[in-house]
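Descriptive structure summary
In case you want the letters, here they are:
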Amino acid sequence: MLESNLNFWSHSCSADSYVDKTKRTGCFSSESTVRLENGAVLRVDHLKISDRVQVMMQDGTIGYSEVIMFADYLPNIPKVSHILIETENPVRKVTMTPSHIIFTRGDSLGSKLIAKQASMVSAGEFLLISIDAKRLVPSRVANVSVVEKTGMIAPVTMEGNIIVDGVLSSCYARIDDHRSAHLAFAPMRIAYNYGFRAWNKTFSAIQQGMHWYPKLLIQINNALGIHKLSWEGLLSCIATATSKVGEIWREKEFSCWKFVSVWKKILLCTSVLLCMSL
């Protein structure tokens, strides 16, 4: 297992000093590739919003899903530290920044998929590999190392996962819970469904750098002090804030700023929970 000095919630998706200062999300390199529905293999820096790329569907089969946004888009940033994961039988190589989520199994016999950050993957675990663009099979991890690549690009699909360089990966990063991350992005899927098809030009532009929505989620997380975005963490935060309101009330400390501060925290938590429940 790779040791890392990164704090993925307060730092970046890579060990590069430039990235640490800008607090980026998890990403793939510009030369990483995906397969389109028409069979073409395309570099991720050539992807567009609305392109249909290869993913794993909810029933575990291979399908195709639209790219609805890019959580981060810096195709030309040089010397970004990526995790290189190499598998055997079949042989595949995939690179992604340390905090990006990838799915692993403990064996090749159909054990439960586990979502973990790329820096936590160990030799001997199994990844799911696309074969002939028709099925996913387990492949044993032979080696994990750190390399430098150009670019940080994070396409997000409707399904929340994506097959990059033939390997099944999450679209999310900086969090250990793929399900919570996918739920947190529900508002963007709704916006795409109701906005892109009506106002194509508005939604088709790709921003340079981090998208405003993951920026907002990170700001909420930092404001609330939640180190693991999950139902339990958010509910705990709401309970703590509500308890504090009770304390202020009992002590008859009715200063306006105290109530504003505490209720702001409660509203932020509740807003995220509502988004995650959509």
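Read on for an overview of the structure. (Residues numbered from 1 in each chain as written. Predicted model: local features only at pLDDT ≥ 70, side-chain atom pairs only at ≥ 80, totals over all residues. Heavy atoms only, no water.)

Overview of the pattern of salt bridges
One pass over the full model with this rule turns up seven salt bridges. Arg-52 is paired through a salt bridge with Glu-37; the nearest N and O atoms lie 2.7 Å apart. Taken together, the residues span a long stretch of sequence, with Arg-52 in strand β3 (residues 52-56) and Glu-37 in the loop between β1 (33-35) and β2 (41-43) at a distance of 15 residues. Of the residues examined, Glu-37 reaches a relative accessible area of 45% and is grouped as partly exposed. (Salt bridge = Lys/Arg side-chain N within 4 Å of Asp/Glu carboxyl O. Helix = DSSP H or I, 4+ residues; strand = E, 2+ residues; numbered from the N terminus. Buried < 20%, exposed > 50% of the residue type's maximum accessible area, 1.4 Å probe, protein only.)

Some thoughts on the environment of Val-44
As for its position among the elements, Val-44 is in the loop between β2 and β3. Put simply, Val-44 and Gly-151 are 107 residues apart on the chain and 9.8 Å apart in space, counted from C-alpha to C-alpha.

Looking at the pairing of strand β10 (residues 135-149)
Pairing of strand β5 (residues 80-88) with β10 involves nine bridges; the strand directions are antiparallel. Bridged to Val-80 within β10 is Lys-149. With six bridges joining them, strand β9 (residues 126-131) and β10 adopt antiparallel strand pairing. Bridge pairing links Ile-129 to Val-137 in β10. Between the antiparallel neighbours β9 and β10 lie three residues, among them Asp-132 with a positive phi of about 55 degrees. (Pairing = 2+ DSSP bridges.)

Observations regarding the environment of Gly-166
As for its placement among the helices and strands, Gly-166 is situated in the loop between β12 (161-164) and β13 (167-173). For Gly-166, a relative accessible area of 18% corresponds to the buried category. Those residues in contact with Gly-166 that lie beyond four places of it in its chain are Arg-92, Leu-128, Ile-129 and Ser-130. (Contact = heavy atoms within 4.5 Å.)

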